[in-house]
Amino acid sequence: MFVLLLPEIAHFAAEDPRVSAGSVTEGAIYGVALAGFVVFYGLEVLAARTTAKRSDPLPGVFWGYITVFALYSGLIGYLLFHQELPGVVNLLLYTVAMGLHFSITDYGMRRHLGTQYDRVGRWVLAGATLAGATVGLATVGQPLVVTGLFAFVSGGIILNVIKEELPNPQQGRFLFFVGGAVGYAIVVALI
């Protein structure tokens, strides 16, 4: 994610004449990334606290969680067609990375939301992703808006990666982790 999405933010920011290195707008863009991180962390805390003693969350918690993640999924779908580098290879890399990310996030959602997620939630999220992709394909985004969207989604993805995709430190294999990170960075750099 770091070598795929964060450079997208920097690239879009650099192309917008209203943004310069060290400007208030550049700081605001990274503030939006922090906001995405904070929003998704807050959502995680809320879900964990409200489902600790229940098998299924309260309806308001469920729909709040699903609504935020539907927006997140829709934005990821939208951004599919607003990449820094045009072309099939970059589109494929983004699609594979987000598909893997969604499969891991799906596990966490199921853990927090229980059977309601299987019955309703996953279909809402799938529909939101397709709707976002449809809007992304049909529209041309303003560079500063697209940068802000990439920033917000990047913050959410970073939190979700830390929370769901990294193993417990006692179970992790650090050298394999480093190898995977370096390997992925090389693949992205070669493109």
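A. Summary view of the packing of aromatic side chains. Going through the model one piece at a time under the given rule, you end up with six aromatic pairs. Ring geometry for Phe62 versus Trp63: centroids 5.0 Å apart, planes at 85 degrees, classification edge-to-face. Phe62 gets classed as buried once you look at its relative accessible area, which sits at 2%. Relative accessible area serves as the criterion here: at 41%, Trp63 is assigned to the partly exposed category. Of the aromatic side chains, those joined through ring pairs into one cluster are Phe40, Tyr65, Phe69, Tyr72 and Phe152.

B. Examining the nonpolar core more closely. Phe69 and Met109 are the most contacted members of the largest nonpolar core, which has 28 residues in total. Among the elements that line this core, the one with the most residues is helix α3 (residues 59-79), at ten residues. Setting aside residues no more than four positions away along its own chain, Met109 makes contact with Tyr65, Ile66, Phe69, Gly114, Tyr117 and Leu125.

C. Spatial organisation of a nonpolar patch on the surface. Taken together, the side chains of Ile162, Leu166, Phe174, Leu175, Phe177, Val178, Val182, Ile186 and Leu190 define a hydrophobic patch exposed on the protein surface, amounting to about 920 Å² of accessible area. Ranked by the residues each element gives to the nonpolar patch, the list is headed by helix α6 (residues 174-190), at seven residues. Assignment of secondary structure puts Ile162 in helix α5 (residues 143-165). In this structure Ile162 comes out as partly exposed when scored by relative accessible area, which is 45%.

Criteria and cut-off values
Residues numbered from 1 in each chain as written. Predicted model: local features only at pLDDT ≥ 70, side-chain atom pairs only at ≥ 80, totals over all residues. Heavy atoms only, no water. Phe/Tyr/Trp six-rings, centres within 6.5 Å; stacked < 30°, edge-to-face > 60°. Buried < 20%, exposed > 50% of the residue type's maximum accessible area, 1.4 Å probe, protein only. Core = buried A, V, L, I, M, F, W, Y, C linked by side-chain atoms within 4.5 Å. Helix = DSSP H or I, 4+ residues; strand = E, 2+ residues; numbered from the N terminus. Contact = heavy atoms within 4.5 Å. Patch = residues over 30% accessible without salt bridge, like charges linked within 9 Å, V, L, I, M, F, W, Y side chains within 5 Å. Areas by Shrake-Rupley, 256 points an atom, 1.4 Å probe, with all protein chains shown as cover. Salt bridge = Lys/Arg side-chain N within 4 Å of Asp/Glu carboxyl O.

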